[in-house]
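Observations on the three-dimensional arrangement
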Amino acid sequence: MAPAEQSKQTSAQELLAERKRLEEEFEARYTKRITVMFTDLVGSTSITETHGDITTREMIKHHDDIIRERIEANQGKLVKTLGDGTMSYFPDTLCAIDAAVTIQNALAELNNQKKLAVPIKVRVGINYGDGIVEEDDIYGDVVNVAARIEAQANEDEIYISESAYQELSEKGKYYARVIKTTYLKGKEKPVQVIKVFYKEDEIEKDRKRTILSDVKDRLTLKGMFRIFVFFAVLIGLVFGYMQFTSLLEKEPNVSETRSKKTSMD
């Protein structure tokens with residue numbers, strides 16, 4: 001191999017080695033396990049059309065102030081506001097849910113005061129996983145899924161992913177259950193979406209509904225089991241009767257046997 005070609009070959013190897021080192025350093029420095037939260041102001045477009053820009057701007061001001069304060073109070077970082085929504089991240093899922101619940105409660109209190117022309121209704125989506133965390137932004141699949149989880153929710157609701165729920169350090173702190181199984185954009189397999197309940201009346205109502213549903217399921221299973229047992233017994237009786245009849249048909253006639261024996265003698 002010529003010296004020039006050997007120099008190029010060595011240079012390429014060095015570049016590949018340097019690239020690998022930089023990738024490892026980048027991952028170690030910027031890739032972290034985080035909980036991402038998206039919020040969205042529901043119906044902002046129609047509010048603007050109906051009530052005008054000034055009313056909408058006033059709403060967003062209250063919206064941003066409440067959300068920013070609750071995020072920071074729960075160890076979160078507000079990454080950006082998205083017009084009528086926000087994106088933030090937290091060190092763990094419990095902090096994110098605490099923030100989401102306090103946000104919803106604060107907004108409900110503000111709406112009850114009726115100081116604004118239109119009540120502020122927000123939906124929240126939370127996801128947990130690996131993300132790229134830079135100084136002023138976050139990236140990765142964990143961010144995309146959080147946004148799509150948020151899009152599944154209705155006003156006043158808090159939805160979290162299964163990974164976020166599994167990461168919860170205190171699962172008993174909030175009443176939560178799987179609300180739906182659905183496909184998210186970019187995901188081949190269906191995912192479970194979990195709703196976090198924070199209103200006492202909704203919690204009580206859902207618990208009763210869940211209990212009734214469980215009772216119905218059990219009754220249905222019990223009824224199916226009884227039907228299965230009935231037919232199993234019936235089939236057993238029929239089979240036993242057929243076997244007994246078959247044995248009777250095969251048993252030799254005693255009088256004929258004696259007659260044959262006498263004639264032979």
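Just so we're clear, the structure is a prediction, and the values are computed from it rather than from any experiment.

The rules we used
- Residues numbered from 1 in each chain as written.
- Predicted model: local features only at pLDDT ≥ 70, side-chain atom pairs only at ≥ 80, totals over all residues.
- Heavy atoms only, no water.
- Helix = DSSP H or I, 4+ residues; strand = E, 2+ residues; numbered from the N terminus.
- Contact = heavy atoms within 4.5 Å.
- Areas by Shrake-Rupley, 256 points an atom, 1.4 Å probe, with all protein chains shown as cover.
- Expected span 1.5 Å × (residues − 1).
- Bend = angle between axes of the 7 residues up to and from the residue.
- Buried < 20%, exposed > 50% of the residue type's maximum accessible area, 1.4 Å probe, protein only.
- Pairing = 2+ DSSP bridges.
- Core = buried A, V, L, I, M, F, W, Y, C linked by side-chain atoms within 4.5 Å.
- Polar contact = N/O pair within 3.5 Å; in protein donor to acceptor, adjacent residues only side chain to side chain.
- Salt bridge = Lys/Arg side-chain N within 4 Å of Asp/Glu carboxyl O.
- Axes fitted to C-alpha atoms, helices over the stretch in contact; angles between N-to-C directions.
- Left-handed = near helix turned anticlockwise from the far one by under 90°.
- Nonpolar A, V, L, I, M, F, W, Y, C, P; charged D, E, K, R; others polar.
- pLDDT = per-residue confidence, 0-100.

1. As for the overall build of the protein chain
Secondary structure summary: the protein chain contains seven helices and eight strands in total. For the protein chain, the proportion of contacts with a sequence separation of at least 24, taken over those separated by at least 6, is 68%. On the protein chain, roughly 17700 Å² of surface is accessible, and the fraction owed to carbon and sulfur atoms is 54%.

2. Regarding helix α2 (residues 44-73)
Between its first and last C-alpha atoms α2 spans 26 Å; for 30 residues at 1.5 Å apiece the expected length is 44 Å, and the helix comes up short by more than 12%. When the local axis directions of α2 are compared, the greatest deviation, roughly 125°, occurs at G52. The set of residues buried in α2 consists of S44, I47, T55, T56, M59, I60, H63, D64, I66, I67 and I71. Those residues of α2 that are buried lie in contact with β1 (31-41), β2 (77-81), β3 (85-90), α3 (93-113) and β4 (122-133). Q75 lies just past α2 and shows a positive phi near 65°.

3. Some thoughts on the pairing of strand β6 (residues 158-161)
Of the two faces of β6, the one holding I158 and I160 and the one holding Y159 and S161 are both buried throughout. Where β4 and β6 come together, three bridges link them in parallel fashion. Looking at β6, one finds that I126 is bridged to I160. Pairing analysis gives four bridges linking β6 to strand β8 (residues 191-197), with the strands arranged antiparallel. Bridging from a neighbouring strand, S161 pairs with V193 of β8.

4. A closer look at the nonpolar core
Counting 36 residues, the largest nonpolar core has M37, I97, I120, I126, I158 and I160 as the members making the most contacts within it. Ranked by residue count, the leading element in this core is α3, at 11 residues. For I158, the residues in contact, after removing those within four places along its chain, are A100, V101, Q104, V124, I126, I194, K195, V196 and Y198.

5. Some thoughts on α3
In this model, α3 (21 residues) spans 30 Å end to end at C-alpha, consistent with the 30 Å of a helix rising 1.5 Å per residue. The buried fraction of α3 amounts to 15 of the 21 residues, a majority that puts the element mostly inside the structure. Between a side-chain oxygen at the N-terminus of α3 and the backbone nitrogen of L94 the separation is 3.1 Å; the capping residue is D92. Remark: K114 follows α3 within two positions and exhibits a positive phi of approximately 55°.

6. Section: the environment of A146
Counting through the fold element by element, A146 comes out in helix α4 (residues 141-152). C-alpha of A146 to C-alpha of V36: the two residues are 110 residues apart in sequence and 6.2 Å apart in space. Setting aside residues up to four positions removed in sequence, A146 forms contacts with V36, F38, G125 and N127.

7. Examining the pattern of salt bridges
A side chain of one charge can pair with a side chain of the opposite charge if their charged atoms are brought near each other. Scanning all chains against the criterion turns up 15 salt bridges. For K195, the salt bridge is made with E157, and the minimal N-O distance between the two is 3.1 Å. With K195 in strand β8 and E157 in the loop between α4 and β6, this residue pair connects regions lying 38 residues apart in the sequence. Given the relative accessible area of 10%, K195 is considered buried. Under the relative-accessibility criterion, E157 is labelled buried at 12%.

8. Section: the packing of α2 against α3
For the pair α2 and α3, the least separation of the axes is 9 Å and the interaxial angle reads 145°. Crossing of α2 against α3: the hand is right-handed. Across the interface between the two elements, H62, I66, I67, R70 and I71 of α2 pack against A99, T102, I103, A106, L107 and L110 of α3. Partitioning the contact of α2 with α3 into residue classes produces eight nonpolar, two polar and one charged.

9. Let's talk about the confidence of the model for the protein chain
Averaged over all residues, the pLDDT of the protein chain is 85; the fraction at 70 or higher stands at 82%. The secondary structure element of the protein chain with the lowest average pLDDT is helix α7 (residues 254-264), at 51, and the one with the highest is β6, at 98.

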